[in-house]
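Chain by chain, the residues:
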Amino acid sequence: MTTAYVKEHIENGISTIEFFHPAHNSLPGSILEKLRQTITAAGENDAVKVIILKSGGERTFCAGASFEELINIDDAETGRVFFSGFANVINAMRKCPKFIIGRVQGKTVGGGVGVASATDYCMASKFASIKLSELNIGIGPFVVGPAVERKLGLTGMSQIAIDANTFYDAEWARQKGLYASVHESTEALDEAVQAFAENLCKYNPEAMKEMKKIMWAGTDDWDTLLAERAVISGRLVLSDFTKETLKRFK
């Protein structure tokens, strides 16, 4: 596969939303916007009772922000718009009235950890280690931080945000509350995700909708909060430190 995409398949009340990018499922602005639109539409579709969010390929769930777009940001407004893409996806997931099941088959970095954290119930393979690498390039996990903190707690989020060079394994993420379960293989993960989604479809949709409201209580300010965080990231990505670091990575 060489072409990035976001696609949706709806069957028996289950919307499976899959995103893909050939650069380890990194997320450029166009894919983030398509993902936001697709999640929002699934939430409004009466034929959908539950959503599965997954990525294509077998090795990496999401490598975070698109490196190509990051290195080409040359003004604060462009930076704000880019990082707002992650804010918009997280807020779409937060506002979606349907439960979103995360299916994390492999490593996930930066913004990808934020996306996984914004799911309502996340299941993973044993290969699904996580890393918040932003501090390593001179910015920080400002936009995704609230979602990650909500799942890992302030201590867990702070640990992986400060230790920006280290991958934390799937079992650590399960113990901290990001993953509900960890499976030995992608095949076992897929079977578990499908069975769980099918079971959720038997529940009262109105009850699930009300339950989701309760679960996300206290996040009504995230539209403003994450927009403010995007401004911070958009400014820091222009710093000499970050520019030089990105050149070295290139």
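For the structure, see preceding data.
This one's a predicted model, so the numbers in the text were calculated from it and none came from an experiment. (Residues numbered from 1 in each chain as written. Predicted model: local features only at pLDDT ≥ 70, side-chain atom pairs only at ≥ 80, totals over all residues. Heavy atoms only, no water.)

Draft legend 1. Summary view of the overall build of the protein. In terms of regular secondary structure, the protein is built from 10 helices and 9 strands. Computed over its C-alpha atoms, the radius of gyration of the protein comes to 17 Å, within 12% of the 18 Å expected for a compact globule of 250 residues. Relative to its full complement of 250 residues, the protein shows a buried share of 52%. In the protein, of all internal contacts separated by at least 6 residues, the share reaching a separation of at least 24 is 74%. For the protein, the accessible area works out to roughly 11,500 Å², and carbon and sulfur atoms hold 52% of it. Positive and negative side-chain charges in the protein, numbering 28 and 31 respectively, have mean positions lying 1 Å apart. (Helix = DSSP H or I, 4+ residues; strand = E, 2+ residues; numbered from the N terminus. Rg over C-alpha atoms; globule rule 2.2 N^0.38 Å. Buried < 20%, exposed > 50% of the residue type's maximum accessible area, 1.4 Å probe, protein only. Contact = heavy atoms within 4.5 Å. Areas by Shrake-Rupley, 256 points an atom, 1.4 Å probe, with all protein chains shown as cover. Lys, Arg positive; Asp, Glu negative; His and termini not counted. Charge placed at Lys NZ, Arg CZ, Asp CG, Glu CD.)

Draft legend 2. Expanded view of the packing of aromatic side chains. If you walk through the whole model with that rule in mind, you get 7 aromatic pairs. Ring centres of Y5 and F20 lie 5.4 Å apart, and the angle between their planes is 25°; on these two criteria the pair is classed as stacked. Of this pair, Y5 sits in strand β1 (residues 5–11) while F20 sits in strand β2 (residues 14–20), placing them 15 residues apart in sequence. A relative accessible area of 17% places Y5 in the buried class. Both rings, one in Y168 and one in W172, keep their centres 4.6 Å apart while their planes meet at 50°; by these two values the pair is tilted. Take Y168 and W172: they sit in the same class, and that class is buried. An aromatic cluster of three or more residues is present, and its members are F82, F83 and F86. (Phe/Tyr/Trp six-rings, centres within 6.5 Å; stacked < 30°, edge-to-face > 60°.)

Draft legend 3. Inspection of the layout of surface pockets at higher detail. Looking at the largest pocket, its volume works out to about 710 Å³. Taken together, 34 residues make up the lining of the largest pocket; nearest its centre are A63, G64, A65, V109 and S133. Among the elements of the structure, α2 (67–72), α3 (76–95) and α10 (240–249) are those that each provide at least two residues to the lining of the largest pocket. A per-element tally of the lining of the largest pocket places α2 first, with 3 residues. Looking at side-chain class alone, the lining of the largest pocket contains 18 nonpolar, 13 polar and 3 charged residues. Here the second largest pocket is characterised by a volume of approximately 250 Å³. Lining the second largest pocket are 13 residues, and of these H9, I14, T16, I52 and Q194 lie nearest its centre. Broken down by secondary-structure element, the contributors of at least two residues to the lining of the second largest pocket are β1, β2, β3 (50–55) and α7 (186–200). With 4 residues, α7 is the largest single contributor of residues to the lining of the second largest pocket. Within the lining of the second largest pocket, the residues separate by chemical class into 4 nonpolar, 4 polar and 5 charged. (1 Å grid on protein atoms, 1.4 Å probe; cavity = no way out; pocket = protein on both sides within 12 Å on 5 of 7 lines; lining within 4 Å. Points joined across faces, edges and corners; volume = space filled by probe spheres on them. Nonpolar A, V, L, I, M, F, W, Y, C, P; charged D, E, K, R; others polar.)

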